[in-house]
Amino acid sequence: MSMKKGAIVFFLLTVMSLAAAVFGGVTYFTQKHKYDEFVDSCTAVIDGKVISCESFYRGSYTRGGGHNRSEPHSHRDNTYYNIVVGFTVNNVDYTSSFEQTTDMAVDTVVQVHYCPERPTDNYTGDEPDKTYDETLFVLGIVASVVFGAVSVLMLKNIRSSPY
């Protein structure tokens, strides 16, 4: 491949990386804004009681077909617990659910944060699970820098080359 074709390829990779960074950034900041608004709206706190705690496996899957859930799990698998908490606001019963790696006994008291106007908007614990991911944004920026630097170096070599 000639130096010019290589520079064009890296330039196109830079453009695609920038597009991924922009798309990832827009997605990240939009989802983070919604998450922050949700957390900010849940200003009321009440005690709730654990209604149920059911375990499930979230395992490491292999390319060959995965984990048979009827068999005991291996050391690479993790047991998680889906915990459902009940609470009452203005004589109306609501539930909140979350996952964690430790079990909880039924009737354990936990704090539930909820929106006073919409108690169905709620979470249990210090903060809700994060609902946004910055991976595409960060990878797009890193790839843009790397591919852009290689493109610039290749173009610089083409200009200084006597051929």
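Residues numbered from 1 in each chain as written. Predicted model: local features only at pLDDT ≥ 70, side-chain atom pairs only at ≥ 80, totals over all residues. Heavy atoms only, no water.

A. Inspection of the packing of aromatic side chains at higher detail. Under the definition given, this model contains eight aromatic pairs. A centroid spacing of 6.1 Å and a plane angle of 10 degrees characterise the contact between Tyr-28 and Phe-137, whose relative ring orientation is stacked. Of this pair, Tyr-28 sits in helix H1 (residues 3–41) while Phe-137 sits in helix H2 (residues 135–160), and the two are 109 residues apart along the sequence. Since its relative accessible area comes to 14%, Tyr-28 is described here as buried. Of the residues examined, Phe-137 reaches a relative accessible area of 22% and is grouped as partly exposed. (Phe/Tyr/Trp six-rings, centres within 6.5 Å; stacked < 30°, edge-to-face > 60°. Helix = DSSP H or I, 4+ residues; strand = E, 2+ residues; numbered from the N terminus. Buried < 20%, exposed > 50% of the residue type's maximum accessible area, 1.4 Å probe, protein only.)

B. Here's a closer look at unusual backbone geometry. With phi around 50 degrees, Asn-90 is a residue other than glycine that occupies positive phi space. By secondary structure assignment, the location of Asn-90 is in the loop between strand E2 (78–89) and strand E3 (92–100).

C. Looking closely at the sheet that holds strand E1 (residues 44–58). The five strands lie next to each other as E3-E2-E1-E4-E5, forming an open sheet whose pairing is antiparallel. Strand pairing shows two members of the sheet lacking a second neighbour, E3 and strand E5 (122–124), which therefore form its edges. Strand-to-strand, the axes of this sheet are offset by a mean angle of 35 degrees, without reference to chain direction. (Pairing = 2+ DSSP bridges. Axes fitted to C-alpha atoms, helices over the stretch in contact; angles between N-to-C directions.)

D. View of the pattern of salt bridges. Counted according to the given criterion, the structure contains two salt bridges. The salt bridge involving Asp-36 is made with Lys-32; its shortest N-O contact spans 3.1 Å. One end of the pair is Asp-36 and the other is Lys-32, both in helix H1 and four residues apart, which spans about a single turn. Measuring nitrogen to oxygen at the nearest pair gives 2.8 Å for the salt bridge that ties Asp-121 to Arg-118. By relative accessible area, which is 24% here, Asp-121 ends up partly exposed. (Salt bridge = Lys/Arg side-chain N within 4 Å of Asp/Glu carboxyl O.)

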